[in-house]
Amino acid sequence: MRIVISGTVGVGKSTTSEILIKKLKEKGFKVNYLSEETVNSPYLKHFYSKPAEWAFVAQLDFLMERFKQWLIDEKERENSLEEIITVYDRHFIDDYIFAELHSIKENISQINSIVYQTVYKELLDKLVEKETKPDFLFLLEADLDTIVERLNKRGREAETKTNTLYWKELYDSYYLKPKFKHHFKKYSKKFIKIDTENKNPEQIVENIISKMKL
């Protein structure tokens, strides 16, 4: 089984993923955790501070790092005699939203956007070809004000210095644009929204597990 925890930056994906993994292990499942590796990217700080210069190379790097995680997980699955549940703290399915946003904002040039989309389509084709669409894609939701408050509270320098307008634009892409909802549905077997507002992480995870019917 493959599970994606998706949603905008600051919505609580990592906390949710970590608690979910703990609960699944307590139930006796073997679990792989594919964490959000972009926080360690050498391009991240440049991406936030000078998006017009760094958006293309940064987004390409983020995409390929997530794809490499996917390849490693799939290889382990092929060689394992046990059933594995893989939890993705964001999947390369999500990358479409970020690249599209920066193309619209003209941080990625038209020609570079074409290059990116060509690479991205090849990766999505691999996902479909190998029949490895996520079994569940859970889109975590919260109010924009709550998300911005969380970003400020966790205090990552690159995020706190980012204009609030960017967080609003990313929020709108994730939750208000039908094309991205369609994209999530197309590349996962089951797409489910999870309202996290006024809920603690334990309650959110219990909701997710109930949807999985484990």
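Residues numbered from 1 in each chain as written. Predicted model: local features only at pLDDT ≥ 70, side-chain atom pairs only at ≥ 80, totals over all residues. Heavy atoms only, no water.

Novice: Give me the lowdown on the pattern of salt bridges, citing residues and values where you can.
Specialist: This structure, assessed with the given rule, holds 20 salt bridges. Between Glu169 and Lys105 there is a salt bridge; the shortest N-O distance is 2.8 Å. Here the residue Glu169 occupies a position in helix α8 (residues 164-176), and Lys105 occupies one in the loop between α4 (95-104) and α5 (110-129), the gap between them amounting to 64 residues. Look at Glu169 and you get partly exposed, because its relative accessible area is 22%. Owing to a relative accessible area of 33%, Lys105 belongs among the partly exposed residues under this scheme. What you see here is one network of salt bridges that share partners, running through Glu36, Arg66, Arg90, Asp94 and Asp95. (Salt bridge = Lys/Arg side-chain N within 4 Å of Asp/Glu carboxyl O. Helix = DSSP H or I, 4+ residues; strand = E, 2+ residues; numbered from the N terminus. Buried < 20%, exposed > 50% of the residue type's maximum accessible area, 1.4 Å probe, protein only.)

Novice: Requested: an account of the layout of surface pockets, with residues and values cited.
Specialist: One number sums up the size of the largest pocket: a volume of about 830 Å³. Lining of the largest pocket is provided by 37 residues; of these, Val9, Gly10, Arg154, Arg156 and Glu159 occupy positions nearest its centre. If one sorts the elements of the lining of the largest pocket by residue count, helix α6 (residues 144-154) sits on top with five residues. Here the lining of the largest pocket is composed, by residue class, of 14 nonpolar, nine polar and 14 charged. Taken as a whole, the second largest pocket holds about 160 Å³ of empty space. What lines the second largest pocket is Phe47, Tyr48, Pro51, His102, Lys105, Asn107, Thr162, Asn163, Leu165, Tyr166 and Glu169. Listed by contribution, the elements that provide at least two residues to the lining of the second largest pocket are α2 (44-49) and α8. (1 Å grid on protein atoms, 1.4 Å probe; cavity = no way out; pocket = protein on both sides within 12 Å on 5 of 7 lines; lining within 4 Å. Points joined across faces, edges and corners; volume = space filled by probe spheres on them. Nonpolar A, V, L, I, M, F, W, Y, C, P; charged D, E, K, R; others polar.)

Novice: I'd love a proper account of the environment of Ile21, names of residues and values included.
Specialist: Its place among the elements puts Ile21 in helix α1 (residues 13-26). Ile21 sits in the buried class, given a relative accessible area of 8%. As for Ile21 and Val205, which are separated by 184 residues in sequence, their C-alpha atoms are 9.5 Å apart. In this view, Ile21 contacts Val31, Tyr33 and Val87; residues no more than four positions away in its chain are not counted. (Contact = heavy atoms within 4.5 Å.)

Novice: Which residues make up the packing of α4 against helix α9 (residues 178-186), and what values go with them?
Specialist: Two elements in contact, α4 and α9, have axes separated by 10 Å at closest approach and are oriented at 150°. Taken together, the axis directions place α4 and α9 in an arrangement best described as roughly antiparallel. For the crossing formed where α4 meets α9, the hand is right-handed. Between α4, through Tyr96, Ile97 and Glu100, and α9, the contact on the second element is made entirely by Lys179, Phe180, His183 and Phe184. The class makeup of the residues in the contact of α4 with α9 is four nonpolar, one polar and two charged. (Axes fitted to C-alpha atoms, helices over the stretch in contact; angles between N-to-C directions. Parallel < 35°, antiparallel > 145°, perpendicular 65-115°, else oblique. Left-handed = near helix turned anticlockwise from the far one by under 90°.)

Novice: I'd like a rundown of the sheet that holds strand β5 (residues 191-195), residues and numbers included.
Specialist: Within the open sheet, the five strands sit side by side as β2-β3-β1-β4-β5. Their pairing is parallel. Of all the strands in the sheet, just β2 (30-34) and β5 have a single pairing partner and so form its edges. Within the sheet, the average angular offset between the axes of one strand and its neighbour, ignoring direction, is 20°. Examined bridge by bridge, β2 and strand β3 (residues 84-89) share five bridges and lie parallel to one another. Of the residues in β3, the one forming a bridge with Lys30 is Ile84. Set on the sheet, α9 makes contact with β1 (2-6), β4 (136-141) and β5; between it and β5 the angle comes to about 120°. (Pairing = 2+ DSSP bridges.)

Novice: Run through the environment of Tyr171, naming residues and quoting values.
Specialist: For Tyr171, the location among the structural elements is in helix α8. Here Tyr171 falls in the buried class, since its relative accessible area comes to 15%. Setting aside residues up to four positions removed in sequence, Tyr171 forms contacts with Thr8, Ala142, Asp143, Leu144, Ile147 and Leu176.

Novice: Could you give an account of the packing of aromatic side chains, naming the residues involved and the relevant values?
Specialist: All chains considered together, the criterion is met by 18 aromatic pairs. Look at Tyr43 and Trp54: their rings are 6.0 Å apart centre to centre, the planes differ by 40°, and that puts the pair in the tilted class. Taken as a pair, Tyr43 in the loop between β2 and α2 and Trp54 in helix α3 (residues 51-79) lie far apart in primary sequence, 11 residues in all. On the accessibility criterion, Trp54 (26% relative accessible area) is partly exposed. On the numbers, 5.2 Å between centres and 65° between planes, the contact of Tyr166 with Trp167 is edge-to-face. Given a relative accessible area of 8%, Tyr166 falls into the buried group. Site record: aromatic cluster; members linked through ring pairs are Phe98, Tyr171, Tyr174, Tyr175, Phe184 and Phe191. (Phe/Tyr/Trp six-rings, centres within 6.5 Å; stacked < 30°, edge-to-face > 60°.)

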